[in-house]
Amino acid sequence: MSNYTQILYEVDNGVATITLHRPDKMNAFTGTMMNEMISAFDEIDADDNVRAVIVTGHGDRAFCAGADLTPDDGKHVFASGEAVSDLSDARVRDGGGLLTLRIYQCKKPVIAAVNGAAVGIGVTMQLAMDIRLASETARFGFVFARRGIVPEAASSWFLPRLVGPQQALEWCYTGRIFDAQEALRGGLVRSVHPADELLAEARKLAREIADNTAPVSVALTRHMLWRNAAQPHPMEAHKIDSRAIYRRSRSGDAKEGIASFLEKRPPNYPDKVSTDMPDFFPWWEEPVYK
């Protein structure tokens, strides 16, 4: 257990759970929460025992009710209050984007268990997660235009890829709050569950990943699907597919995958994300803010 103040972090049998934890503020987002979540994802990537991640909110009212509009430190709500002469200044950077970019870089699959209100950054932070499950009481809202700002957390990149441009534009143009069934119809969430069954369903999915798949293969697959889908031609995906298949086919994991299948037993994959990613990983240059 780490010494966090606005999130809870625990690892149980290979599954890490991050719980947004500001009970008196409906888990509203702050700079402290951002830093703690980024730190937790650093822990997750460094821990080979973690095979999957669940992110949820404390209580039954909210996943995250958005940015804290009345922060205790009196600072500006949506961005730095400091004056800058150059918009490439790091102080301009959007905190939600810092978080979603860190989640995007994660090497472990990330599941959102949306247990209540998810508004503003409460919904955009989920877009960099891989699979979203919602409770029947969940509510969503891309409310930025109703607050006089614009979508943040790199959601203009993530959201159209997940739900299509038309649905993304409607939700962002109107800024309305919508329920879990509309989120399901629009492709934002994978499934909707009774509130008291949500975490169990998320853990069931996390266990399916943790118990049956090779962690290095999952890490590669996560980045292949997220990054290659944005390439301008399938040849770019073919290059990475070819390199990955070539390297992984000669790995201890591939031998174990075949042996466990033929012997009809659970697999015990030897390769570790911390030490056994293939030599061509990462195959991209990480962009810088400027």
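Predicted model, so just to flag it, every value in this text is computed and none were measured. (Residues numbered from 1 in each chain as written. Predicted model: local features only at pLDDT ≥ 70, side-chain atom pairs only at ≥ 80, totals over all residues. Heavy atoms only, no water.)

Draft legend 1. Spatial organisation of the sheet that holds strand β3 (residues 52-57). Pairing within the open sheet is mixed, and its six strands lie in the order β1-β2-β3-β5-β7-β10. Sheet topology places β1 (7-12) and β10 (191-193) at the edges, where each strand pairs with a single neighbour. The average angle at which neighbouring strand axes cross in this sheet is 20°, direction not considered. Note: strand β7 (residues 131-135) against β10, three bridges, orientation parallel. Bridged to A134 within β10 is V192. (Pairing = 2+ DSSP bridges. Helix = DSSP H or I, 4+ residues; strand = E, 2+ residues; numbered from the N terminus. Axes fitted to C-alpha atoms, helices over the stretch in contact; angles between N-to-C directions.)

Draft legend 2. Molecular detail of the sheet that holds strand β4 (residues 62-64). Within the open sheet, the four strands sit side by side as β4-β6-β8-β9. Their pairing is mixed. Each edge of the open sheet carries a strand with a single partner, namely β4 and β9 (177-179). Mean inter-strand twist for the sheet, computed between neighbouring axes without regard to direction, equals 20°. Pairing of strand β6 (residues 117-119) with strand β8 (residues 139-141) involves three bridges; the strand directions are parallel. When the sheet's bridge partners are listed, A118 is paired in β8 with F140.

Draft legend 3. Broad picture of a nonpolar patch on the surface. Together, I258, F261 and L262 line one region of the surface with nonpolar side chains, adding up to about 380 Å² of accessible area. Mapped onto the elements, L262 comes out in helix α10 (residues 252-262). The class for L262 is exposed, based on a relative accessible area of 61%. (Patch = residues over 30% accessible without salt bridge, like charges linked within 9 Å, V, L, I, M, F, W, Y side chains within 5 Å. Areas by Shrake-Rupley, 256 points an atom, 1.4 Å probe, with all protein chains shown as cover. Salt bridge = Lys/Arg side-chain N within 4 Å of Asp/Glu carboxyl O. Buried < 20%, exposed > 50% of the residue type's maximum accessible area, 1.4 Å probe, protein only.)

Draft legend 4. Layout of empty space enclosed by the protein. Under the counting rule described, the total for this entry stands at one cavity of 30 Å³ or more. Taken as a whole, the largest cavity holds about 50 Å³ of empty space. (1 Å grid on protein atoms, 1.4 Å probe; cavity = no way out; pocket = protein on both sides within 12 Å on 5 of 7 lines; lining within 4 Å. Points joined across faces, edges and corners; volume = space filled by probe spheres on them.)

Draft legend 5. Representation of the side chain of H193. Mapped onto the secondary structure, H193 falls in strand β10. What makes H193 buried here is its relative accessible area of 10%. Apart from residues lying up to four places away in sequence, H193 is in contact with L133, A134, S135, E136, L198 and E201. (Contact = heavy atoms within 4.5 Å.)

Draft legend 6. How the structure looks around the side chain of R22. Topologically, R22 is positioned in the loop between β2 (15-20) and α1 (31-46). Judged by its relative accessible area of 10%, R22 is buried. In terms of polar contacts, R22 uses its side chain to reach the side chain of D68, at 3.0 Å. (Polar contact = N/O pair within 3.5 Å; in protein donor to acceptor, adjacent residues only side chain to side chain.)

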